[in-house]
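# Tertiary structure, described
Below, each chain spelled out in residue letters.
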Amino acid sequence: MNAVESIAQAARNAGYRAEAVVSDYAFADVLSDTNTTRTVPLAAFTRTPPSYRSAALAVVHGGGRPAVDLVNEHRALGAPLLFVIEQDEVTVWQVRSEAPPRAIEKIRVADIADLFARNQANWHPDAIHRAKSIGAPGTAYQLDFVDLGLLPAIEGEIHVKLDHLLVETLDLARKVPGGDRLNARTLFRVVFRMLAAKVLQDRRHPYADGWDAGDLASVLAGIESYYALGTIEAKPNAALPDIFDAAWRHLRAGISFSNISSDDLAFVYENTLVTPETRKLFGTHSTPRQVAEYVVQRLELHRHRPENIRIYEPFAGAGVFLVSALRHLRDLLPVEWTDQQRHDFLINHISGDEVDPFACEVATLSLILADYPNHNGWHVREGDLFTDDVLAKRLQANNIIVCNPPFESFSKADREKYPVASKTYSKAIAALSAALDSKPLALGFVLPRSFIMDQQFAEQRKRLEELYGLVEILKMPDGIFGASDVESSAVIARDLRDADDDKLKIRSTEVAEYDRGLFLKTGHITVQREAERTVDAAPTGQLWLPPLGDIWDYLRSYPKFGSILETRRGVEWHYSQAKATNPEPLPGYKAGYPNARHLRQYLPPQKLWLDFRRENLRCGATHDWSTPKLIASATRLSRGAWCIGGFADLEGLLCSQQFFAMRPRRPVSSTDLLALSAVLNGAVANAFLAINSPKDRFRTSVVDDIPVPIQLSEKIGELVAAYQTMLQNWELLAERDAKLARLLTEIDAAVLKAYDLPLRLERQLLTFFKDAERPLAHGWRHWDLSHPMPGLSLAERISGRFKASGNWVQSVFQPLPQEEATFLRDYVA
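Conventions adopted
Residues numbered from 1 in each chain as written. Predicted model: local features only at pLDDT ≥ 70, side-chain atom pairs only at ≥ 80, totals over all residues. Heavy atoms only, no water. Helix = DSSP H or I, 4+ residues; strand = E, 2+ residues; numbered from the N terminus. Polar contact = N/O pair within 3.5 Å; in protein donor to acceptor, adjacent residues only side chain to side chain. 1 Å grid on protein atoms, 1.4 Å probe; cavity = no way out; pocket = protein on both sides within 12 Å on 5 of 7 lines; lining within 4 Å. Points joined across faces, edges and corners; volume = space filled by probe spheres on them. Nonpolar A, V, L, I, M, F, W, Y, C, P; charged D, E, K, R; others polar. pLDDT = per-residue confidence, 0-100. Contact = heavy atoms within 4.5 Å. Expected span 1.5 Å × (residues − 1). Buried < 20%, exposed > 50% of the residue type's maximum accessible area, 1.4 Å probe, protein only. Pairing = 2+ DSSP bridges.

### Some points on the environment of Glu 530
Looking at where Glu 530 falls in the secondary structure, it is placed in strand β15 (residues 527-534). Through-space distance from the C-alpha of Glu 530 to that of Trp 544 is 9.6 Å; in sequence the pair is 14 residues apart. A polar contact is formed between the side chain of Glu 530 and the side chain of Arg 507, at a distance of 2.8 Å.

### Here's the deal with empty space enclosed by the protein
Within the structure shown, the criterion is met by 5 cavities of 30 Å³ or more. The computed volume of the largest cavity comes to approximately 50 Å³. Taken together, Leu 162, Leu 165, Leu 166, Leu 195, Leu 251, Phe 257, Leu 265, Val 268 and Tyr 269 make up the full set of residues lining the largest cavity. Those elements that place two or more of their residues in the lining of the largest cavity are α6 (150-175) and α10 (262-273). Here the lining of the largest cavity is built from residues that sort into 9 nonpolar, no polar and no charged.

### Remarks on the confidence of the model for the chain
Averaged over every residue, the pLDDT of the chain is 90; residues scoring 70 or more account for 93%. For residues 135-140, every residue scores under 50 in pLDDT, and the model assigns this stretch 11 contacts once sequence neighbours within four places are set aside.

### Brief notes about helix α7 (residues 184-202)
Here α7 is 19 residues long and its end C-alpha atoms lie 27 Å apart, about the 27 Å a rise of 1.5 Å per residue gives. Buried residues dominate α7, accounting for 16 of its 19 residues. Its side-chain oxygen placed 3.2 Å from the backbone nitrogen of Arg 185, Asn 183 serves as the N-cap of α7. Looking one or two residues beyond α7, the residue adopting positive phi is Arg 204, at roughly 55 degrees.

### Regarding the sheet that holds strand β18 (residues 581-582)
Taken in spatial order, the 4 strands of this open sheet run β18-β20-β19-β24, and their pairing is mixed. With one partner strand each, in any of the chains shown, β18 and β24 (654-655) form the two edges of the open sheet. One ladder, built from 2 bridges, connects strand β19 (residues 589-593) with β24; its direction is parallel. Bridge pairing in β24 links Gly 592 to Leu 654.

Right, here's the structure in full:
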């Protein structure tokens, strides 16, 4: 018995099914720049059908080549272990996504059986499968030789290359005479059949031998027979084999599907073909693959016995949640089950409903692709879930709910048609409320961003708090849903609590705008915060842990902006604002500020004359405009950390509704008002508003809650006065930007000193503004770049008392004697 045969026998003895140990296995090297297909003499898989998701180990011959290069060439197989044979020795390597591969052990060929016996627990197919399936960061089950970054790297490249291949295939079909007249349904149906045929061919399925691969008509007939599909009805004179022949030849020549997970094909099929045009034409909605994958993974289905799980997706759209659920539930089924046994189980434990017949068909075809090599049996029901109690009955029959409900409001016709529309105007709220009524074991919902903190979802947040032991909210950036600019979030709730259990774990997860692409490709998140608390008798519905939470906790007892200043919007007219301004004074007009666009901190914009005739005013006529006040932008100046700007108005001028007018509740000096403008333009206020506001505007209630220092020194107002004077005479200054930036940093430092934040919290606050552009009339760099002295507060950095030269920290802070260090370590522990 040679080395390859010995490893194959050892793998079977270790628990790998005979059909999961494959000789001469070919796979597409999706991590290379070319369409290279590589072959290994042997590969073993934790599940069938084989794919990079289930690849456990593989064998290659060294042939005298550098082993590191050889291992790296086979990363795309997805196996965490690679056995490299060199004559009578075998070296086991850990395959890594980015780091160099690691040699685990070298043995003689004669010792292969002993090697597997020693590693039986960790190399068993179930152990590796669990590590690859649920060994993501934050989960408990991990194996040190399974690189958690390998699968996302392969998956991301597969989706990119499959998408390109499918787009090119569609383009070829459309360029053929008659191809540009094909409707979306026909495209979907033909492309599904071609994809399914390529899967069967590349995986060398015996059924593929029954058709002529060069004759598309034969291929289409073969797939329709295999999956019991009807013949595609095209328009008269539309010869589908002729139109799609070039597309089929291009698809056949593309990357091999042999090692590609079937659910990857389903995801790409749905994502590539459900275009903005088809969404508009058919009303079909879809969920980005990584959103569905993230939500389903966080439900942790492995906590339940598979036979007790019944997964349901209402408003299924194109079925992305269903495909994701299929993969995760299939991974939990016994390794000894046949493909047919798994299929029979899954079709009885996963279901969905959708009102759009086209979306139902797309979802069904996607599930068929994801369930290779099984025949059809999937059916996504077509039906209107808001009718009568249809939704409630379907929810009660299931216990894991995943959903991306419609976000729009009920129309007037809907309100007359659906009883549920009398309780809420929002379809999303109606769907979530119905799901909570059924008290499922777990649920995952995609929702508008307003779910996180808005009052309209307060009742649903309270109910989640009452029902579940873990609630996670995922905050997503704009652009996650492609052409749609909807602000979205997701809520994941699990661990249905008993009546005597009052413990709640809250998890708040964010994907920043700069990580959007990485999240959509690999599921990478930007930051995650966790907390545990006891649920009170009266739940608060506060399920979101904002960034910089320790800072807001520290400042909780500080005065609030609203206790010092009354914030109201500026003047609003009964007619267009553009017609309410004039460059010259007119009867009934008063001087003021009409436009907040491009506003800069501390710098008043251009003054114009605003119509102040009472009969033309919708809002602002009764305000006292004559008193000194702050004027600030009422809409965000950016979506980043620096989002608001304002200035002190000592002249008693008007401002339009694009601004807030902030009037002191008690008389204050002009110096105090300037100091308050520094608070508003400072780091604490901007961070607070950036975290707690929508992407485009501010709420007065949030502005009122900005923490304010207990006491502001006169020095701050004096610094602001000097800074504004310098701003207004900047053309007379040499080195203008540098001088203005230095003075502004003094202002920032004085305001931060007034807040008296611990150094750790001040560092967190300053880091929050890293890479953010500040709305100023001059150049400015982040404080860490202009004054890079770690370990000091900003006020200490600019004081001149410390020099950033040499290893000053070590010279000032001497190490403790060993005895004291040991005592302190024991005390802290």
